Amino acid sequence: MSTGGTGQTEADRGETSGVRTALAGLTTRGRSFLAAGIAAAICAYVLGQSDLLRVGLLLASLPLICATVVYRTRYRVAGTRRLAPARVPAGSEARVHLRMDNVSRLPTGLLMLQDRVPYVLGPRPRFVLDRVEPGGRREVSYRVRSDLRGRYPLGPLQLRLTDPFGMCELTRSFSTFDTLTVIPHVEPLAPVRFSGEAKGYGDGRQRSLALAGEDDVIPRGYRYGDDLRRVHWRSTARYGELMVRREEQPRRSRCTVLLDTRGGAYEGAGPDSAFEWAVSGAASTLVHMLERGFSVRLLTDSGSMVPGEGADGFAGTGQETAEAAGLMMDTLAVIDHSDGTGLSRAYDVLRGGNEGLLVAFLGDLDEEQAATVAKMSRRSGGAVAFVLDPDTWVREFTDVPRPGDRHTDRLRMLREAGWTALSVPRGAPLNALWQQADRERSGLAAMTGEATG
């Protein structure tokens with residue numbers, strides 16, 4: 001949950017153009033009364049009717065008096081906004097709680113409260129608050145929902161003050177606002193074992209010995225509870241105190257998720273477009289691998305990664321895992337098409353090392369880019385590619401089917417290079433493709449083992 005800041009309305013800060021502001025707040029009724037009063041006064045002057053002049057002055061003075069009273073009103077009202085939750089998946093609802101506190105010694109009149117929200121989140125919420133006693137509070141709430149990921153500002157809050165006759169209406173604004181983050185939809189994935197994940201030591205860890213040999217031992221001092229079988233006698237005799245061998249150090253398996261964001265690789269827009277499917281797939285994979293104990297990192301075709309990400313990506317347990325997932329989801333919430341046309345920058349980053357599992361979500365590939373992707377598998381412990389089928393994804397927009405030979409050739413090229421490449425038709429569930437990739441990779445590993453034997 002996120003709590004918005006507390007602020008006071010601009011009525012407490014003073015106005016420089018008071019008369020202009022008050023007159024600008026006149027409603028249609030107030031302007032009509034003022035115009036009628038002026039017209040009656042002119043007619044009274046022309047016709048010499050003093051009684052009509054009194055009526056004109058009364059009609060003209062009433063809206064002016066109401067505007068002065070409303071403008072002079074000095075309510076000291078504090079507002080608080082709270083989002084539950086502040087980060088919500090696309091297509092889900094979040095609730096916004098508003099609380100108004102009267103911090104003055106005088107009761108307020110009738111207040112009209114409204115919050116400013118982007119149109120994609122729904123209509124602008126408006127509430128009518130009855131008289132608030134000194135030190136009292138009023139709480140209201142409304143729901144927002146967006147099918148499009150992104151970061152949306154909420155606020156500032158506005159109070160609309162009006163007189164009992166409806167002659168004048170002024171708006172006072174708070175200064176604080178909050179931000180609602182709509183992240184991609186995350187689909188739960190089945191636990192599978194791709195290459196790059198070590199067997200026999202948890203779900204996502206590999207064991208690397210801290211000892212390269214008897215002569216390369218780096219011992220440490222004995223601690224209460226250490227196994228005496230791990231005592232290193234040569235170092236004990238050398239240092240004059242009990243020394244033990246270091247324990248085997250766990251090393252996390254690594255996973256890199258490559259997201260193709262090239263604008264020319266996707267067609268269509270909206271929550272059901274191919275690009276949104278790829279973003280959702282990358283988000284689901286990152287969260288799944290992080291929960292399985294992998295060190296994960298997000299890589300785009302431009303070679304950029306998540307700000308704050310280490311060389312081996314994000315890793316952690318418990319609260320650290322949640323924070324890492326949140327940071328990556330915030331990045332994916334605002335990610336957009338890149339201006340690049342190739343995947344060479346991503347290949348340069350992968351070529352620098354970081355062996356481990358590579359999962360790629362790719363758009364339409366030409367022959368050159370397919371060759372670049374094919375070379376990426378050389379530095380990975382396992383490579384899985386989900387290639388969106390342009391024929392099925394663009395049919396809704398063009399109504400003209402495309403020949404699928406080129407797409408089939410690209411998949412064949414990736415498979416020959418060692419990738420587990422799957423074609424992604426329109427509307428395909430990621431979890432089903434995820435398990436299919438596991439079956440195909442397990443079958444490929446079994447065939448390779450038999451050929452080696």
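In every chain, residue numbers begin from 1 and rise along the written sequence. Whole-chain, interface and lining totals are the exception, using all residues; otherwise, since this is a predicted model, local features are given only for residues with pLDDT of at least 70 and side-chain atom pairs are given and counted only at 80 or more. Each side-chain value is derived from all of the structure's non-hydrogen atoms; neither hydrogens nor water enter the calculation.

What to know about the overall build of the protein chain
So, step 1. Runs of H or I in DSSP of at least four residues are treated as helices and runs of E of at least two as strands, each being numbered from the N terminus. Helix and strand content of the protein chain: 11 helices and 21 strands.
So, step 2. Accessibility here uses a 1.4 Å probe with only protein chains present; expressed as a share of the type maximum, an area under 20% marks a residue as buried, one over 50% as exposed, and anything in between as partly exposed. The buried share of the protein chain, reckoned over its 453 residues, is 45%.
So, step 3. In the protein chain, once contacts between residues fewer than 6 apart in sequence are set aside, the share between residues at least 24 apart is 73%.
So, step 4. For accessible areas, the Shrake-Rupley method is used with a probe of radius 1.4 Å. Any residue's cover is judged against the shown protein chains and nothing else. Put simply, the protein chain shows about 23500 Å² of open surface, and 52% of that area lies on carbon and sulfur atoms. Any pair of residues with heavy atoms lying within 4.5 Å of one another is described as a contacting pair.

As for the sheet that holds strand 7 (residues 126-129)
So, step 1. Across the sheet, 4 strands lie side by side as 7-6-10-11; this open sheet has antiparallel pairing. In this open sheet, the two edge strands, each paired with only one partner strand, are strand 7 and strand 11 (169-173). Strand after strand, the sheet turns through a mean of 25 degrees between neighbouring axes, direction not considered.
So, step 2. Structural elements are reduced to axes, namely lines fitted to C-alpha atoms, with helices fitted over the stretch in contact, and the angle between N-to-C directions of any two is expressed from 0 to 180 degrees. Helix 3 (residues 50-72) contacts strand 10 (157-162) and strand 11 of the sheet and is inclined by roughly 15 degrees relative to strand 11. Only when DSSP finds a minimum of two bridges between them are two strands counted as paired.

Comments concerning the packing of helix 2 (residues 28-47) against helix 3
So, step 1. Running from N to C, helix 2 and helix 3 point in directions that differ by 155 degrees, and their axes come no closer than 7 Å. By the angle class used here, helix 2 and helix 3 are roughly antiparallel. Our pair here, helix 2 against helix 3, has a crossing hand that is left-handed. Across the interface between the two elements, G30, F33, L34, A36, G37, I38, A40, A41, C43 and A44 from helix 2 touch L52, L53, G56, L59, A60, L62, P63 and L64 from helix 3.
So, step 2. Classes in brief: Ala, Val, Leu, Ile, Met, Phe, Trp, Tyr, Cys and Pro nonpolar; Asp, Glu, Lys and Arg charged; the others, Gly included, polar. Among the residues making up the contact of helix 2 with helix 3, the classes are represented as 15 nonpolar, 3 polar and no charged. Throughout this description, any angle smaller than 35 degrees is read as roughly parallel, any larger than 145 degrees as roughly antiparallel, any in the 65 to 115 degree range as roughly perpendicular, and the remainder as oblique. By definition, turning the near helix anticlockwise from the far helix through less than a right angle yields a left-handed crossing, and turning it clockwise yields a right-handed one.

Points about the packing of aromatic side chains
So, step 1. When two rings of Phe, Tyr or Trp (its six-membered ring) have centres within 6.5 Å they constitute a pair, described as stacked for plane angles under 30 degrees, edge-to-face for angles over 60, and tilted for the intermediate range. Under the counting rule described, the total for this entry stands at 5 aromatic pairs.
So, step 2. Note on geometry: a ring has a charge over it if NZ (lysine) or CZ (arginine) is within 6 Å of the ring centre and within 35 degrees of the ring normal. We note K375 situated over the ring of Y347; from NZ or CZ to the ring centre the distance is 4.9 Å.

Examining the side chain of D260
So, step 1. Tracing the backbone through its elements, the reader meets D260 in the loop between strand 17 (254-259) and helix 5 (274-291).
So, step 2. Any pair of N or O atoms that falls within 3.5 Å is considered a polar contact. Within protein, one atom must be able to donate a hydrogen and the other to accept it, and sequence-neighbouring residues count only if both atoms are side-chain atoms. Here the side chain of D260 touches G363 through a polar contact of 3.1 Å, landing on its backbone nitrogen.

Considerations on unusual backbone geometry
So, step 1. The linkage connecting A84 with the following residue, P85, adopts the cis geometry, with an omega of -5 degrees.
So, step 2. Structurally, the position occupied by P85 is in the loop between strand 3 (77-84) and strand 4 (87-89).
So, step 3. Following G155, the chain continues into P156 via a peptide bond in cis, with omega recorded as 5 degrees.

Topic: the layout of surface pockets
So, step 1. Space inside and on the surface of the protein is sampled on a 1 Å grid over the protein atoms alone, with a cavity defined as a set of points where a 1.4 Å probe fits but cannot get out and a pocket as an open set with protein on both sides within 12 Å along at least 5 of 7 lines; lining residues have an atom within 4 Å of a point. Grid points are joined across faces, edges and corners, and a volume is the space filled by probe spheres set on the points. The computed volume of the largest pocket comes to approximately 410 Å³.
So, step 2. Along the walls of the largest pocket sit 22 residues, with H185, P271, E276, W277 and S280 positioned nearest its centre.
So, step 3. Counting residues per element, the lining of the largest pocket draws most heavily on helix 5, which supplies 5 residues.
So, step 4. Broken down by class, the residue content of the lining of the largest pocket amounts to 10 nonpolar, 6 polar and 6 charged.
So, step 5. For the domain bounds, the source is a domain assignment made automatically or taken from a database. Domain assignment of the residues forming the lining of the largest pocket places at least three in each of domain 2 (77-183) and domain 3 (254-451).
So, step 6. By volume, the second largest pocket is sized at about 200 Å³.
So, step 7. Lining of the second largest pocket is provided by 13 residues; of these, V70, Y75, T162, D163 and P164 occupy positions nearest its centre.

A word on the pairing of strand 3
So, step 1. Counting buried positions along strand 3 gives 6 out of 8 residues, so the element sits mostly inside the fold.
So, step 2. Relative to strand 5 (residues 93-102), strand 3 runs antiparallel, the two being bridged by 8 bridges. Considered in strand 5, the bridge of R81 is made with L98.

A short note on the confidence of the model for the protein chain
So, step 1. Per residue, pLDDT measures the predictor's confidence, with a range of 0 to 100. Overall, the prediction assigns the protein chain a mean pLDDT of 81, with 81% of residues at 70 or greater.
So, step 2. Per-element confidence in the protein chain is highest for strand 12 (residues 178-183), whose mean pLDDT is 96, and lowest for strand 1 (residues 2-3), whose mean pLDDT is 36.
So, step 3. Predicted confidence is poor over residues 1-16, with pLDDT under 50, and the contacts of this stretch with residues over four places away or in other chains come to 50 contacts.
So, step 4. Note that residues 195-216 has pLDDT below 50 and, in this model, 55 contacts with residues that lie over four places away or in other chains.

Concerning the packing of helix 8 (residues 367-376) against helix 10 (residues 405-416)
So, step 1. Axis separation between helix 8 and helix 10 bottoms out at 9 Å; the angle between their running directions is 20 degrees. Here helix 8 lies roughly parallel to helix 10, going by the angle between them. When the axes of helix 8 and helix 10 are compared, the crossing they make is right-handed. Contacts between helix 8 and helix 10 involve E367, A370, A371, V373 and A374 from the first element and R410, M413 and L414 from the second.
So, step 2. Residue classes in the contact of helix 8 with helix 10 are distributed as 6 nonpolar, no polar and 2 charged.

Regarding helix 3
So, step 1. Along its 23 residues, helix 3 runs 32 Å from first to last C-alpha, staying within 8% of the 33 Å computed at 1.5 Å per residue.
So, step 2. At S61, helix 3 shows its maximal bend, which comes to roughly 25 degrees, and the proline P63 appears one to four places after that position. One fewer than the residue count of a helix, multiplied by 1.5 Å, yields its expected span. What is called the bend at a residue is the angle between a pair of axes, fitted to the seven residues leading up to and ending at it and to the seven starting from it.

So, the nonpolar core
So, step 1. In this structure, L259, L332, F361 and F386 are the most contacted members of the largest nonpolar core, which totals 44 residues.
So, step 2. Secondary-structure elements contributing two or more residues to this core are strand 17, helix 5, strand 18 (295-300), helix 6 (319-333), strand 19 (357-362), strand 20 (382-388), strand 21 (420-424) and helix 11 (430-452).
So, step 3. Here this core gets 11 residues from one element, more than from any other, and that element is helix 5.
So, step 4. If we ignore the near neighbours within four places in the chain, the residues touching F361 are V257, L258, L259, D260, Y266, W277, A278, G281, A282, T285, F386 and L430.
So, step 5. Judged by nonpolar contacts, the second largest core, of 34 residues, contains A60, A94, C168 and V182. Among the buried residues, those of types Ala, Val, Leu, Ile, Met, Phe, Trp, Tyr and Cys that are joined through side-chain atoms within 4.5 Å form a nonpolar core.

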